[in-house]
Amino acid sequence: MNQDLRHSSRRAAKNPSVARHGRLKTHSAWSTVAKVAASVVAVTLISGSAVAAYAAWDLASTVQPTVKLESEKVLEGVPDVGAIEGGVNLLLIGSDSRQGQGEAFGDPDEETAVLNDVTMLMHIAQDHSHASVVSFPRDMLVDVPACTDPEDPSSTLDELSDVKINTVLSYGGMDCVAKTVESLTGVTIPFAGIVQFMGVAGLSEAVGGVDVCVAEPIEDEYTGTFLDPGTHTLSGVAALQFLRTRHGVGDGSDLGRISNQQVFLSALARKLQSDGTLGDPVKLYSIAKAALANMQLSSSLTDPTRMISIAKAMKDIDLAKLAFIQYPTSYVAGGGAVAPNASAELINQALQADLPVTFDPDAQNNDFGSASDPAAQPPAEAPAEEAPAEEAPAETPADPAAPAPTAEALPEDVAGQTGADVRCSAGRTLDDQ
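Here the structure is a predicted model, which is why all the values come from computation and not from measurement.

Asker: Tell me about unusual backbone geometry, residues and numbers included.
Answerer: One non-glycine residue, D162, lies in the positive phi region at around 50 degrees. Topologically, D162 is positioned in strand β7 (residues 160-164). Take D162: its relative accessible area is 41%, and that puts it in the partly exposed class. One non-glycine residue, D354, lies in positive phi territory at about 65 degrees. For D354, a relative accessible area of 18% gives the class buried.

Here you go:
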């Protein structure tokens, strides 16, 4: 077992404070004809065409084996049409396992580690007014609560202390990663999915590629990524390698890679909103099918109508209120790992209280951050037109029972960006490596 996994004393896992969301009915994978038939009806209602009925049957045949999350018990059902009610916490896990990926990424028999090198939590607010995507550095030290052994559900795995978060998937599987992030952040996570290398490539193709900005040349022999400054449309393996590159961006660390991934994800968010994907059932079906075919999902996500409902919750969110956050950490003594710092609690509190966040404008001034778009020009300010006094609207008395929403102002050491920020990858050449 990985040497980073050091057992602590057997103690009961603390119950974290949780941000409760709309309670939804628990669904298992489509194990009966009745459930498939219900999904056919639901998808037909969404699209309004007979083609959707066939689509639902097609999706059912695509489903991979699922994992039951303990936190799925908070779910009580979702509307068949429209956005999901209430908030959402969804964990996305990127596995570096080579199994089933061919030999393009290494020999699967020799490179057998199953590490969650990407761990992201997407939080959608209860009223769908804002959302956050929090990235946890792979070398961040965490405490792991007692988890059900995925190979023997009748037994429980010991708690662990101060282990790298990217080892948790190999130790206790998807549910253990979800429970670890729950314990860390204090929110309940009823949705989760694991994607491998080729799955990322397939999903990027399903959305038609993503336009990313590169400020300085990216040269990375490890992933075969070589991009000149400018805008590049990436899909398939090229998109995957862009997300994987570490040596070719920032300071060459995992923190630089996270900033690079945020450049991609913010560009993806802008694309999905601008081309109407999030309101188009046909396009959403295509993405749902790609997810079912390329990901291992928690059983709470194997109903495509639920995936569509979650996607629709993002449709009208202002991109300026979609925050991509790098979970705040500091290097531990001796280096080689990072640990959550004092600012991490601000992220936890914002998630628990369902608050939007705002970034300090100096947060990107570091060695691993992304770069501003050199081609971007600040918008010209139009002169304000003063309305005649008689046309000025009357002031509406403030409702003392409904205080104005506030945002969590993040300190300078919290890196990230919003979906509205067009930022570019800070490339790194071979000479710098």
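Asker: Tell me what's going on with the state of the cysteines, and back it up with residues and numbers.
Answerer: By definition, a disulfide links two cysteine residues through a covalent bond between their sulfur atoms. Enumeration according to the criterion identifies two disulfides in this entry. For C147, the disulfide goes to C176, at an S-S distance of 2.1 Å. Because the torsion about its S-S bond is 75 degrees, the bridge between C147 and C176 counts as right-handed. On the criterion of sequence distance, the pair formed by C147 in strand β5 (residues 147-149) and C176 in helix α3 (residues 168-185) is long-range, its members being 29 residues apart.

Asker: Describe in detail the packing of aromatic side chains, supporting the description with residues and values.
Answerer: On inspection of all chains with the given rule, the structure shows two aromatic pairs. Plain terms: the ring middles of F242 and F264 are 6.2 Å apart, the flat faces sit at 40 degrees to each other, and that makes the pair tilted. Of the two residues, F242 sits in helix α5 (residues 236-244) while F264 sits in helix α6 (residues 254-274), which places them 22 residues apart along the sequence.

Asker: So what about the sheet that holds strand β13 (residues 295-297)? Which residues, and what values?
Answerer: Pairing between the strands of a sheet comes from backbone hydrogen bonds, and it takes one of two forms, parallel or antiparallel. Within the open sheet, the seven strands sit side by side as β13-β8-β1-β2-β3-β14-β20. Their pairing is mixed. The two strands at the open ends of the sheet, each matched to only one other strand, are β13 and β20 (416-418). Averaged over all adjacent pairs, the angle separating strand axes in this sheet is 15 degrees, with direction ignored. Pairing between strand β1 (residues 88-95) and strand β8 (residues 191-195): five bridges, direction parallel. Following the sheet pairing, L92 is matched in β8 by G193. The strands that helix α7 (residues 281-294) touches are β8 and β13; relative to β13, the one it contacts most, it runs at about 90 degrees.

Asker: Describe the pairing of β1, and please don't skip the residues or the numbers.
Answerer: When a strand is regular, its side chains alternate between the sheet's two faces. Of all eight residues making up β1, seven are buried, and the element is well covered by its neighbours. Note that β1 and strand β2 (residues 116-124) share eight bridges and pair antiparallel. Paired with I93 across the bridge in β2 is T119.

Asker: Which residues make up α3, and what are the values?
Answerer: With 18 residues, α3 extends just 16 Å between its outermost C-alpha atoms, more than 12% less than the 26 Å of an ideal straight helix rising 1.5 Å per residue. Of all the bends in α3, the greatest, near 95 degrees, is centred on M174.

Asker: Describe the nonpolar core, naming the residues involved and giving the relevant values.
Answerer: One broad rule of soluble globular proteins: the nonpolar side chains tend to lie buried together. Core analysis: the biggest nonpolar cluster contains 47 residues, and I124, I310, M314 and L322 have the highest contact counts within it. Listed in part, the 38 residues of the second largest apolar core include V142, V163, V187 and L410.

Asker: Describe the pattern of salt bridges, with residues and values.
Answerer: Inspection of the entire model under this criterion finds six salt bridges. Across the salt bridge formed by D139 and K164, the nearest N and O atoms sit 3.8 Å from each other. Taken as a pair, D139 in the loop between β3 (131-135) and β4 (141-144) and K164 in strand β7 lie far apart in primary sequence, 25 residues in all. What makes D139 partly exposed here is its relative accessible area of 21%. For R257, the salt bridge goes to D254, with nearest N and O atoms at 3.4 Å. Residue R257 and its partner D254 are located together in helix α6, separated by three residues, close to a single helical turn. Take D254: its relative accessible area is 9%, and that puts it in the buried class. Salt bridges here are not isolated pairs; linked through shared partners, they connect D117, R138, D139 and K164.

The rules we used
Residues numbered from 1 in each chain as written. Predicted model: local features only at pLDDT ≥ 70, side-chain atom pairs only at ≥ 80, totals over all residues. Heavy atoms only, no water. Helix = DSSP H or I, 4+ residues; strand = E, 2+ residues; numbered from the N terminus. Buried < 20%, exposed > 50% of the residue type's maximum accessible area, 1.4 Å probe, protein only. Disulfide = S-S within 2.5 Å. Phe/Tyr/Trp six-rings, centres within 6.5 Å; stacked < 30°, edge-to-face > 60°. Pairing = 2+ DSSP bridges. Axes fitted to C-alpha atoms, helices over the stretch in contact; angles between N-to-C directions. Contact = heavy atoms within 4.5 Å. Expected span 1.5 Å × (residues − 1). Bend = angle between axes of the 7 residues up to and from the residue. Core = buried A, V, L, I, M, F, W, Y, C linked by side-chain atoms within 4.5 Å. Salt bridge = Lys/Arg side-chain N within 4 Å of Asp/Glu carboxyl O.

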